[in-house]
Every structure is written in structure tokens, then in C-alpha cells.
Amino acid sequence: MAVVFDNIRRALPQSGLSQAAIVYEVLAEGGVTRIVGIFKDFDSENIGPVRSTRTYFIDFAVDHDAIFVHHGGSPQAYNDLRSMNPDRLDGMVEAQVFRRESGRPLEHSSFTGYERLWNRIHERGMRTELAPGHNPFDFYPTLSSPRESEQAARFRIRFAGGYITSFEFDEDTGLYAMTDTHGPQMDGETGEQLTFSNIIVQNTGIRMIPGDNAGRREVDVVGRGTGYIFTNGSVAPIRWAKDSRGTPTRWYNDQGLRLNVNRGRTYIAVVDSAPIISEPYDEADDDE
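It should be emphasised that the depicted structure is a prediction, and the values quoted were computed from it without experimental measurement.

Calculation rules
- Residues numbered from 1 in each chain as written.
- Predicted model: local features only at pLDDT ≥ 70, side-chain atom pairs only at ≥ 80, totals over all residues.
- Heavy atoms only, no water.
- Core = buried A, V, L, I, M, F, W, Y, C linked by side-chain atoms within 4.5 Å.
- Buried < 20%, exposed > 50% of the residue type's maximum accessible area, 1.4 Å probe, protein only.
- Helix = DSSP H or I, 4+ residues; strand = E, 2+ residues; numbered from the N terminus.
- Contact = heavy atoms within 4.5 Å.
- Salt bridge = Lys/Arg side-chain N within 4 Å of Asp/Glu carboxyl O.
- pLDDT = per-residue confidence, 0-100.

In terms of nonpolar packing, the biggest core is built from 40 residues, with I157, F167, I199 and Y267 touching the most fellow members. Of all the secondary structure elements, the ones that give two or more residues to this core are β1 (2-5), β2 (22-27), α3 (114-123), β10 (154-160), β11 (163-170), β12 (175-180), β17 (198-203) and β24 (266-271). Broken down by element, this core gets its largest block of residues, four residues, from β10. In this view, F167 contacts A153, R154, F155, I157, Y176, A177, M178, F196, I199 and Y267; residues no more than four positions away in its chain are not counted. Core analysis: the next-biggest nonpolar cluster, separate from the first, contains 30 residues, V4, I22, A61 and V219 among them.

Below, the structure written as C-alpha cells:
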């Protein structure tokens with residue numbers, strides 16, 4: 001399943017994201033990002049807040065042959081949903097799949113969960129077997145770094161203006177801890193900071209939709225481009241390709257071979273700028 005998460009400050013913390021196998025982050029409007037979590041093996045009964053979709057979120061779901069879970073959408077997104085017709089659960093029409101969490105503003109209060117999702121999926125007879133060709137990566141047999149990689153223990157990804165997501169590698173765990181503009185990115189269900197084995201930066205074109213009064217964006221998810229893979233404390237350039245909206249994105253290393261990643265959870269930032277890599281530091285440096 002591919003679930004759209006609210007990521008505005010008033011919506012934090014989200015719940016259930018620590019169980020997502022892959023997490024996408026990309027700009028919506030207003031200089032704020034939204035997140036799409038790709039879930040496979042999970043049991044969380046508290047997933048959300050679920051928010052409305054944009055056109056390019058649909059492509060993330062298609063990339064993984066996922067049932068698409070959202071609560072509303074932009075006019076452009078609804079046009080694409082009608083034409084592409086993916087299996088989906090929309091909170092605007094599937095009220096039994098969602099609940100409102102008290103104490104949150106209405107637009108940031110839509111939550112779902114494992115049992116609610118699966119009950120409705122079975123009731124509607126949706127396909128639950130993955131179609132061939134939707135495994136995005138290969139995996140290293142043991143913990144590894146890409147060929148010709150460079151050390152990169154700390155780095156930042158700038159989405160817009162002052163909106164930045166940062167990661168820091170922990171050699172003891174082999175994981176990157178995620179921090180956004182508001183502080184450590186936490187899972188409200190577990191109380192733990194989100195961590196990932198792999199960080200992928202997908203560089204592509206992003207621009208405002210002409211004449212859209214809400215400031216919505218177009219994101220070039222079809223085509224070819226470059227990016228970066230951060231894994232095991234190192235970074236290397238990569239490439240990506242997507243032939244059409246109905247086919248999955250393919251990922252390659254800089255030699256043109258299918259991309260290998262380390263086992264574990266993967267974060268993908270879709271941006272139009274390169275990450276800013278900084279050197280490791282000692283905490284004592286902060287006191288200087």
C-alpha cells in the first residue's frame with residue numbers, strides 16, 4: 001500500500017511511518033513537503049495523518065504496484081485517478097477505512113490502520129499479489145558501499161526556502177537518523193526517531209502549475225535523470241529512468257547497472273537540487 005502522509009508542523013508527529021519499507025518526500029504547495037509511505041509487511045493500527053494526493057504521488061504508488069491510500073486530492077490528481085484507475089482507498093468516499101483523531105485540527109486528523117485497510121481491500125476484492133517487475137532495487141549480500149563512493153556521514157536536502165531535511169549516519173547501527181526543519185522526525189506510535197539504511201536523492205524538474213491559484217506543482221517523474229545514493233556512510237552518483245506513467249521507475253548505478261542497496265528501509269527525496277554534504281563533527285565543537 002502507498003499512503004499519503006501530512007507533513008506540515010501542525011500534523012506532527014505522524015504515526016506508522018516507521019513500518020514503511022520505502023518513504024518518499026516531495027514538495028506539495030506552500031513550501032511544505034508531503035510524504036508517501038510504501039507499506040508491505042506491517043501491523044500498525046495507527047497510520048496517519050492521511051492527507052490528499054497530488055498527481056505525482058500516484059506515480060509513486062504505480063512504481064510499487066501498490067494500493068493507493070489518500071484522503072482527497074487536487075483537481076489534477078482526480079483527473080489522473082480517473083484515467084489511470086489504480087486500486088485505491090479515498091477517505092472522501094471510504095469513511096469506514098478512516099477515523100478522526102481527537103485533539104487535532106480537522107484537516108490533520110484522518111487516520112487509518114492495518115485492520116481497517118485490509119478489511120476493505122478484501123470486501124472490494126482488490127488484487128493483493130504483486131505484479132512482476134515492481135521490485136525497485138537489488139540488494140547487497142552483505143553490508144557494502146557503492147563502488148567509487150565517497151564518505152558522507154552528514155548531509156542536508158533542501159526542498160524549498162528554509163525547508164530542509166537532514167540525515168546523520170550512525171556507525172554503530174549502520175542507519176541514518178532523519179531530522180526535518182522542526183526537529184527529529186518521530187513516529188508518534190513508537191516514540192522513536194525515523195531511521196533508514198539507504199537514502200536516495202532523485203533529481204528532476206519541479207515547477208509551479210501555470211494558473212493554479214493554490215500554488216500546486218508539476219514534478220517530472222517520467223523521463224531520465226540523475227541522483228545520489230547514500231548508504232553505509234558513503235555517497236555515490238546514480239541514474240533513474242521511467243518510460244511512462246504506467247511503468248515503474250528503474251534505478252541504476254553510475255556505470256549503468258541495476259542499483260544495489262543495503263537491506264533495510266529506504267528514503268527517497270524527489271528534489272531539483274543536489275544534497276549538501278558536510279563533514280562529521282564532534283559534539284564538543286558545538287560549544288566553541
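This next bit is on the pattern of salt bridges. Considering all chains together, one arrives at 20 salt bridges under this definition. Notably, a salt bridge pairs R245 with D80, separated by 2.7 Å at the nearest N-O pair. Highlighted residues: R245 in the loop between β21 (234-242) and β22 (250-253) and D80 in helix α2 (residues 75-84), separated in sequence by 165 residues. Judged by its relative accessible area of 16%, D80 falls in the buried class. Its salt-bridge partner being R216, residue D212 comes within 3.1 Å of it at the nearest N-O pair. Residues D212 and R216 agree in their burial class; the two are buried. Connected through salt bridges with shared partners, the residues E94, R120, E123 and R124 form a single ionic network.

Let us now look at the confidence of the model for the chain. Per-residue pLDDT for the chain averages 94, and the proportion of residues at 70 or more is 97%. Below a pLDDT of 50 lies the segment residues 281-288, which in the model reaches three contacts outside its immediate sequence neighbourhood of four places, other chains included.

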